[in-house]
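Coordinates in review
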Amino acid sequence: SSNVVGELTGSEKPGEVIVIGGHLDSWDKGQGAHDDGAGVTGTMEALRLLKQLGLKPKRTIRAVLFINEENGLSGGKAYAAKDRPGEKHIAAIETDAGGFSPRGFGVQADSATVAKIAQWSYLLQRIEADRIQKGGGGADISELGKKGVPLLGLRVDGQRYFDYHHSDNDTIDKVNERELELGAIALAILAYTLAQEGI
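Below: a short report on this structure. Treat the numbers as computed from the prediction; the structure is a model and nothing was measured. (Residues numbered from 1 in each chain as written. Predicted model: local features only at pLDDT ≥ 70, side-chain atom pairs only at ≥ 80, totals over all residues. Heavy atoms only, no water.)

**Let's talk about the layout of surface pockets**
Considering only enclosed or pocket space, the largest pocket measures out at about 180 Å³ in volume. Those elements that provide at least two residues to the lining of the largest pocket are helix H2 (74–81) and strand S4 (88–94). No other element matches the 3 residues that H2 contributes to the lining of the largest pocket. Of the residues contributing to the lining of the largest pocket, the split by class is 5 nonpolar, 1 polar and 6 charged. (1 Å grid on protein atoms, 1.4 Å probe; cavity = no way out; pocket = protein on both sides within 12 Å on 5 of 7 lines; lining within 4 Å. Points joined across faces, edges and corners; volume = space filled by probe spheres on them. Helix = DSSP H or I, 4+ residues; strand = E, 2+ residues; numbered from the N terminus. Nonpolar A, V, L, I, M, F, W, Y, C, P; charged D, E, K, R; others polar.)

Right, dumping it as structure tokens:
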């Protein structure tokens, strides 16, 4: 199996890349709707929204649907290990906490970077996803973090997550369409802001 990759190429600094992503594989129970079908759907929808709006990011926004998160992270490891001359990852955002209402983002980076990203929280207030705090990331992007790339994780209202996680209950009927849509919107807003402003 392979990762699936698509991108909006940056108009001014195409070599500076913001990765957004989730993982394609799921546990052997249920359908993997929250873990991580919701993350994959949110990633694709974020890119689609930006394209539909005709927005041209200054930096490249790359959607990566990682394979094999559940059993060894081979997709995340392969992505991070690939040599891409002329490219520099400036941030990576993962969505792997279910398709629930977004509440904000966790940021794994130095304090100055966390503070810079937190100053954009007002952009997410309208959808109540404006909590930007230190500590975040995700398994698929962890190898990029080892290379010094700031990592972000979409934080959602996870009160019901373990009702579904790795169980027969993780089916598509348990995903609320509006909550999933709001997560994609939050992802699109932050990815585009990073693409415009850099870190």
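**Regarding the pairing of strand S6 (residues 131–134)**
With 4 bridges connecting them, strand S5 (residues 102–108) and S6 associate as parallel partners. For Gly-106, the partnering residue across the bridge sits in S6 and is Gln-133. Crossover handedness for the path S5 to helix H3 (residues 111–118) to S6: right-handed. (Pairing = 2+ DSSP bridges. Right-handed = clockwise from strand over helix to strand, strands pointing away.)

**Digging into the packing of helix H1 (residues 33–52) against helix H5 (residues 177–197)**
Where H1 contacts H5, the axes come no closer than 8 Å and their chain directions differ by 55°. Put simply, H1 runs oblique to H5. Read as a crossing pair, H1 and H5 show a hand that is right-handed. Where H1 abuts H5, its residues Ala-38, Thr-41, Gly-42, Thr-43, Glu-45, Ala-46, Leu-49 and Leu-50 lie against Leu-180, Ala-184, Ile-185, Leu-187, Ala-188 and Tyr-192. Across the contact of H1 with H5, the residue classes break down as 10 nonpolar, 3 polar and 1 charged. (Axes fitted to C-alpha atoms, helices over the stretch in contact; angles between N-to-C directions. Parallel < 35°, antiparallel > 145°, perpendicular 65-115°, else oblique. Left-handed = near helix turned anticlockwise from the far one by under 90°. Contact = heavy atoms within 4.5 Å.)

**Things to note about empty space enclosed by the protein**
This structure, assessed with the given rule, holds 1 cavity of 30 Å³ or more. In this structure, the largest cavity encloses a volume near 70 Å³. If you go around the largest cavity, you meet 14 residues; those closest to its centre are Ala-38, Thr-95, Leu-154, Leu-180 and Gly-183. Contributions of two or more residues to the lining of the largest cavity are made by H1, strand S7 (151–156) and H5. Among the elements that take part in the lining of the largest cavity, H5 stands out by supplying 5 residues, more than any other. Among the residues making up the lining of the largest cavity, the classes are represented as 7 nonpolar, 6 polar and 1 charged.

**A few points about unusual backbone geometry**
Of note, the amide linkage connecting Asp-35 to Asp-36 takes the cis form, showing an omega dihedral of 5°. Note that Asp-36 resides in helix H1. Unusually for a residue other than glycine, Asn-68 sits at a positive phi of about 65°. Secondary-structure assignment places Asn-68 in the loop between strand S3 (59–66) and H2. Here Asn-68 falls in the buried class, since its relative accessible area comes to 18%. Located in the positive-phi region is Glu-128, a residue other than glycine, with phi close to 60°. Within the secondary structure, Glu-128 is located in the loop between H3 and S6. The exposure class of Glu-128 is exposed, given its relative accessible area of 53%. (Buried < 20%, exposed > 50% of the residue type's maximum accessible area, 1.4 Å probe, protein only.)

**Here's the deal with the environment of Trp-120**
Structurally, the position occupied by Trp-120 is in the loop between H3 and S6. On the basis of relative accessible area, Trp-120 is assigned to the buried category, the value being 8%. Along the chain, Trp-120 and Glu-70 lie 50 residues apart, while their C-alpha atoms are 32 Å from each other. Sequence-distant contacts of Trp-120, that is, excluding residues within four places in its chain, are made with Leu-190, Thr-193, Leu-194, Glu-197 and Gly-198.

**A few points about the side chain of Glu-94**
By the element assignment, Glu-94 lies in strand S4. In this structure, Glu-94 is buried with no salt-bridge partner, the nearest side chain bearing the opposite charge being Lys-146 at 12 Å. A polar side-chain atom of Glu-94 sits 3.4 Å from the main-chain amide nitrogen of Ala-139. Here the side chain of Glu-94 touches Asp-140 through a polar contact of 3.0 Å, landing on its backbone nitrogen. (Lys, Arg positive; Asp, Glu negative; His and termini not counted. Salt bridge = Lys/Arg side-chain N within 4 Å of Asp/Glu carboxyl O. Polar contact = N/O pair within 3.5 Å; in protein donor to acceptor, adjacent residues only side chain to side chain.)

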